[in-house]
Amino acid sequence: MSDAVFLLERAVLNGLAGDAPLPELLRRLAEDIEAILDDVRVSIQRIDGHGKLRAGASPSLDPDYLALIEGESIGPKAGSCGTAAFIREPVVVSDVRTDPRWENYKTLGDRFGFRACWSFPVLGDRREVLGTFALYRAEPGLPDAEEQGLIARCAELVHLIMAREQRQAEIDLLRRGFDRSLVPMLLIDDSGRIDLANPALCRLLGIATAQLRGQSLMSLIGLVERLEVLEELQAIIKQNLNWHGELAMLDADGAAVPLDVMVTPIGNDHRDVAHFMVSLTDLRERLRAEAELERLAFHDPVTGLPNRSLFEDRLSMALATSRRERQHGALLFVDLDHFKMVNDLHGHSQGDALLVAVADRLRLSLREEDTVARLGGDEFVVLCSRLGADPLVAARRARMLADKLVAELVQPLQIRGHSHALTASVGITVFPKGLETGEDLLREADTAMYRAKESGRNAVALFDPQMQSVLRERDALERDLRQALQRREFALHLQPQVDQDGRVCAAEALLRWQHPERGNVPPLNFIRLAEECGLIVPLGDWVLEQVCTWLARCATAGRPLHMAVNVSVRQFREPNFLARVEQILRQSGADPLHLTLEVTESLLIDDAEASVDIMSALAKLGVRFSIDDFGIGYSSLSYLRRLPLREIKIDKSFVQDIVDNADDAALVQTMLSMAKHLRLTVVAEGVETQAQRDLLCQWGCQRLQGYLIDRPSDGALWVERWLAASVAAPP
Ligand SMILES: Nc1nc2c(ncn2[C@@H]2O[C@H](COP(=O)(O)O[C@H]3[C@@H](O)[C@H](n4cnc5c(=O)[nH]c(N)nc54)O[C@@H]3COP(=O)(O)O)[C@@H](O)[C@H]2O)c(=O)[nH]1
């Protein structure tokens, strides 16, 4: 018998080595066992994933019997095989007629000619049940000792066959998963050679599987990272650890593909690391999205230039570097002159296109290491580092650069069929000076830029320490200004306007600030500041309320009079300006026909459409509009025609020289003739001499205002005098 067993084993091992299919191996084994043992019928069954008995190899059992037990569930009373599979122990039944485990099948023995059935579970590597190996005997009884030995050995052979099959199935499943996975994967050996690469990886790199197999993983990694990766891999081989990191691999065209990489060492049973599983995630999309998010967060959407937040970051870095390196840099604040006019005249998309062109010009005029950013609107800033160790040299270089930028911007720009001639005002500040912050520098450059604007635009101004004290003074003035309204430090003066016969036809309200320490602060020193910090809005309301109260008082007293109030652009642009004027008129009881609002030409430059609407609404109520300081700003006849204007005021700078300067005389005459054509009343302001008055009257100027007639004086007293009829009224 032992020879027979030996032959049996050899046959099975040969079959396994020869890759014979499982059904054939099982069938051959069953036949060989039946040939060795007398009067036995062999049954080998498999257990499927649902715990059901499935046919394996049963060469001599009745096919009808096999059909009956096919698909039977395993359980505690499921015959010898079903029970053995269930309890994972041999079930040796000497007589199926009487054994309780055959209770449900007891007639089958007689019907198919067997009485004894000895069954052995076949367990897998993880002690899972793979199948059963059973011997049926026609007579009742138990196996003798020799048979038991043979049966145990045969059960092991069945185990070998089934376990190999199971392993193969698992390998096939894993391989299919590896091949079909969308995650790019590689299997490399401990020398870094690629054993397997799945199609997802081949697609990612554009390299065929055959080309990848046997290639070194290092050859796919960029040169720069190669050494680092090699060291890391050696470390994980030693320590048998996972590695997770990011690196770039080269695709078929040699382009670097950024990847998230997970390397898992695969040890064998002896815990020796022989292979590594490498799974990869393509990071391109994520990096693109991150880059886009960053671009949106730190760049201006119109020009693509860095925005304020990125610029402030670079500025503080540049400041720190300059201090460390004892070098000087400069910050240039570039503001386009009258840019709003482009938006108003040509629309916002033209304005945007112009901003893009300006950004390009600025970029092209600078060194690569310089930064140009857009802070918003028509404001650009330029940051230049390393302009020299000497602050004076740095200032000179910054000035040269600013002159170059101004000259560049003045060159006409052709945009969508329009030629734009821009000018810009540039403020410069050099750094470092002391312990100033980036915010301080921006304020300094801004202040210098305003200096440039004041000097007539299209100019460059350098911030100097003197400006610093101006800045400090400005801050102090702003603090005082904020308290001045509550402390009732403001007063309103009135200055009369007369007709050619010297009769008073109106009075202009002029604001005065009586500061307890500063004394009389002239409007020119605080109106712009009040505009910048928004205080002009409550202040303007207060002026309007005061004037309307006087208007109502004069009308009620039977001495009605026109009064003119200066309205600043900031005040006019308040969303509720129209409603506020209506409310003040209503509450005071003043007649709108007696109120004139003096606006400046800049109101017509910035957002003219909105101005037209508000002015028209107020004009419908009867309020008159006058263009103040006419002639010094941007005058466009087309605007004048579209606005509900009643009056223009010729600026005193023209009036003062009409006697001696032929050009100014000609200009004033032109203004008068234009006003006549447009049927507008003209008020000449700043009339100081009789000669000026005579000329103006001779040229047809209807109204005059100036020190010659009367100086501005306390409004309340002036009104009292007017009511007492001691001021001449028109007939
Ligand atoms: N938004 C507001 N602006 C106001 C208000 N009150 C005044 N202002 C503006 O401040 C500017 C300066 O005003 P002021 O110092 O009062 O100067 C005015 C007159 O005093 C001055 N003037 C008048 N006659 C003569 C003259 O013969 N010679 C001479 N050298 N100056 C003279 O001119 C100024 C007239 O102002 P305006 O007609 O408005 O131009 C001034 O621009 C005001 O707009 C306010 O309440 N709100």
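By convention here, each chain's residues receive numbers from 1 onward along its written sequence. Two thresholds apply to this predicted model, a pLDDT of at least 70 for residue-level local features and 80 or more for giving and counting side-chain atom pairs, whereas whole-chain, interface and lining totals are computed over all residues. Here the side-chain values reflect all heavy atoms present in the structure, with hydrogen atoms and water set aside.

### Digging into the overall build of the chain
Defined as follows: The helix count covers DSSP runs of H or I at least four residues long, the strand count covers runs of E at least two residues long, and both are numbered beginning at the N terminus. The cut-offs for exposure are 20% and 50% of the maximum accessible area for each residue type, with area from a 1.4 Å probe on protein chains only; residues under the lower value are buried, those over the upper are exposed, and the others partly exposed. Two residues form a contact once any of their heavy atoms are found within 4.5 Å. Areas reported as accessible are Shrake-Rupley estimates using a 1.4 Å probe. Residue values count occlusion only from the protein chains shown.
Along the chain, the regular secondary structure elements total 27 helices and 27 strands. Across the 731 residues of the chain, 48% fall into the buried class. Taking all contacts inside the chain whose residues are at least 6 apart in sequence as the whole, residues at least 24 apart take part in 61%. Carbon together with sulfur atoms contributes 52% to the accessible area of the chain, which is approximately 36000 Å² in total.

### Quick notes on the nonpolar core
Keep this limit in mind: Joining through side-chain atoms within 4.5 Å is the link that ties buried Ala, Val, Leu, Ile, Met, Phe, Trp, Tyr and Cys residues into a set, and such a set is a nonpolar core.
The biggest cluster of nonpolar side chains holds 81 residues, and the ones touching the most others in it are Val547, Met563, Phe572, Leu595, Leu597, Phe625 and Leu696. Looking at this core element by element, the count peaks at eleven residues for helix α18 (residues 536–556). For leucine 595, the residues in contact, after removing those within four places along its chain, are Leu544, Val547, Leu551, Met563, Val565, Leu585, Val623 and Arg624.

### Considering the pattern of salt bridges
Side chains that differ in sign of charge can pair as their charged atoms come close. Put simply, the test is: Here a salt bridge means any side-chain nitrogen of Lys or Arg lying within 4 Å of a carboxyl oxygen belonging to Asp or Glu.
Here the structure, examined in full by the defined rule, presents 46 salt bridges. The salt bridge partner of glutamate 292 is arginine 295, with a shortest N-O separation of 3.1 Å. Placement of the pair is glutamate 292 and arginine 295 together in helix α10 (residues 284–298), with a separation of three residues, close to one helical turn. We note a salt bridge from aspartate 499 to arginine 503, for which the minimum N-O separation is 3.5 Å. Classification of aspartate 499 as buried rests on a relative accessible area of 16%. For arginine 503, a relative accessible area of 23% puts it in the partly exposed group.

### What to know about the site of the ligand
For the record, the criterion: For each residue, the test is whether any non-hydrogen atom lies within 4 Å of the molecule or strand; if one does, the residue is near. Pairs of N or O atoms within 3.5 Å make up the polar contacts considered here, provided that, within protein, one atom can donate a hydrogen while the other can accept it, and that residues adjacent in sequence are counted only when both atoms are side-chain atoms. Three classes are used: nonpolar for Ala, Val, Leu, Ile, Met, Phe, Trp, Tyr, Cys and Pro, charged for Asp, Glu, Lys and Arg, and polar for all others, with Gly counted as polar.
Around the ligand sit 23 residues, and of these Arg512, Asp628, Glu685, Glu688 and Tyr707 come closest. Within the side chain of aspartate 628, one N or O atom sits 2.8 Å away from an oxygen atom of the ligand. Note that an oxygen atom of the ligand is positioned 2.9 Å from one of the side-chain N or O atoms of lysine 652. When the ligand is considered free in solution it has 810 Å² of accessible area, and contact with the protein chains removes 86% of it. Those elements that place two or more of their residues in the shell around the ligand are β19 (504–515), α17 (523–532) and β23 (624–630). No other element matches β19, which puts four residues into the shell around the ligand. A class-by-class count of the residues in the shell around the ligand yields nine nonpolar, five polar and nine charged.

### Some details on the sheet that holds strand β3 (residues 91–93)
Rules: At least two DSSP bridges between two strands are required for those strands to pair. Orientation is described by axes fitted as lines to C-alpha atoms, over the contacting stretch for helices, and by angles from 0 to 180 degrees between their N-to-C directions.
Taken together, five strands build an open sheet; the order of strands is β2-β1-β5-β4-β3 and the sheet is antiparallel. Every other strand in the sheet has two partners, leaving β2 (53–57) and β3 as the edge strands with one partner each. Across the sheet, the axes of successive neighbouring strands diverge by a mean angle of 25 degrees, strand direction being ignored. Sheet topology places strand β1 (residues 40–47) next to strand β5 (residues 129–137); seven bridges connect them, and they run antiparallel. Bridge assignment links valine 42 to a residue of β5, and that residue is leucine 135.

### Things to note about the sheet that holds strand β16 (residues 424–431)
Pairing in this open sheet of five strands is mixed, and the strands run β12-β13-β11-β16-β17 from one edge to the other. Two strands bound the open sheet, and with one partner strand each, they are β12 (371–376) and β17 (460–462). Sheet twist, expressed as the mean angle between neighbouring strand axes with direction ignored, is 20 degrees.

### What to know about the pairing of strand β6 (residues 185–189)
By the criterion of burial, β6 is predominantly enclosed, with five of the five residues buried. Taking every second residue as pointing to the same face, both faces of β6 are buried, with Met185, Leu187 and Asp189 on one and Leu186 and Ile188 on the other. Note that β6 and strand β7 (residues 194–197) share three bridges and pair antiparallel. Each residue of the ladder has a partner; that of leucine 187, found in β7, is leucine 196. Linkage of β6 to β7, two consecutive antiparallel strands, is achieved through a turn of four residues, within which glycine 192 is found at a positive phi near 90 degrees.

### Quick notes on helix α15 (residues 438–454)
This is how the line gets drawn: The length a helix should cover is 1.5 Å for every residue beyond the first.
Along its 17 residues, α15 runs 24 Å from first to last C-alpha, staying within 8% of the 24 Å computed at 1.5 Å per residue. Of all the positions in α15, only Gly438, Leu441, Leu442, Glu444, Ala445, Thr447, Ala448, Met449, Ala452 and Lys453 are classed as buried. Just downstream of α15 lies glycine 456, where phi reads positive at about 115 degrees.

### Observations concerning the side chain of lysine 649
Along the chain, the position of lysine 649 falls in strand β24 (residues 647–650). Taking the relative accessible area as the measure of exposure, lysine 649 reaches 0% and is therefore buried. For lysine 649, the contacting residues outside a window of four places in its chain are Gln497, Glu508, Glu598, Ser626, Ile627, Asp628, Asp629, Phe630, Val683, Glu685 and Gln705.

### Concerning the packing of helix α12 (residues 339–346) against helix α13 (residues 348–365)
Formally: When describing relative orientation, an angle under 35 degrees is termed roughly parallel and one over 145 degrees roughly antiparallel, while 65 to 115 degrees is termed roughly perpendicular and anything else oblique.
Where α12 contacts α13, the two axes come as close as 7 Å, and the packing angle between them is 140 degrees. One element, α12, and the other, α13, form an angle in the oblique class. Judged by residue contacts, Phe339, Val342, Asn343 and His346 of α12 engage His348, Gln350, Gly351, Leu354 and Leu355 from α13. A class-by-class count of the residues in the contact of α12 with α13 yields four nonpolar, five polar and no charged.

### Some points on the packing of aromatic side chains
Basically, it comes down to this: Only rings of Phe, Tyr and Trp enter the pairing, Trp through its six-membered ring, and a pair is recorded when the two centres are within 6.5 Å. The plane angle decides the type: under 30 degrees is stacked, over 60 is edge-to-face, the rest tilted. Distance and angle both matter: a charge sits over a ring if NZ of Lys or CZ of Arg is within 6 Å of the ring centre and within 35 degrees of the ring normal.
Scanning all chains against the criterion turns up eleven aromatic pairs. Taking the centre distance of 4.7 Å and the plane angle of 80 degrees together, the rings of phenylalanine 114 and tyrosine 136 count as edge-to-face. In this pair, phenylalanine 114 sits in the loop between α5 (106–112) and β4 (116–123) while tyrosine 136 sits in strand β5, placing the two residues 22 residues apart along the sequence. The buried category is assigned to tyrosine 136, whose relative accessible area is 2%. In this arrangement the basic side chain of arginine 559 is found over the ring face of tryptophan 722, its NZ or CZ atom lying 3.8 Å from the centre.

### Focus: the pairing of strand β11 (residues 328–336)
When you tally the buried positions in β11, you get nine out of nine residues, the bulk of the element. Of the strand pairs in this sheet, β11 and strand β13 (residues 379–388) are connected by seven bridges, and their pairing is antiparallel. Residue pairing for β13: phenylalanine 333 is matched across the bridge by valine 381. Here eight bridges tie β11 to β16, and the two strands are oriented antiparallel to one another.

### Brief notes about unusual backbone geometry
Peptide bonds are, in most cases, trans, and in most cases residues other than glycine have a negative phi. The amide bond that connects phenylalanine 431 to the next residue, proline 432, takes the cis arrangement and shows omega of -5 degrees. Even without being a glycine, arginine 386 presents a positive backbone phi close to 50 degrees. With respect to the element layout, arginine 386 can be found in strand β13. Even without being a glycine, arginine 488 presents a positive backbone phi close to 55 degrees. In this structure, arginine 488 sits in the loop between α16 (465–484) and β18 (490–499). The class of arginine 488 is exposed, set by a relative accessible area of 75%.

### Observations regarding the environment of histidine 338
Relative to the helices and strands, histidine 338 is located in the loop between β11 and α12. With 86 residues separating them in the primary sequence, histidine 338 and alanine 424 have C-alpha atoms 8.8 Å apart.

### Quick word on the environment of aspartate 62
Within the fold, aspartate 62 resides in the loop between β2 and α3 (63–69). A polar atom in the side chain of aspartate 62 sits 2.7 Å from the backbone nitrogen of aspartate 64.

### Some thoughts on the side chain of histidine 562
With respect to the helices and strands, the residue histidine 562 is situated in strand β21 (residues 562–566). For histidine 562, the side chain forms a polar contact with the main-chain oxygen of leucine 593, separated by 3.0 Å. With near-sequence residues (within four places) excluded, histidine 562 lies in contact with Cys505, Ala506, Ala507, Leu551, Leu593, His594 and Arg624.

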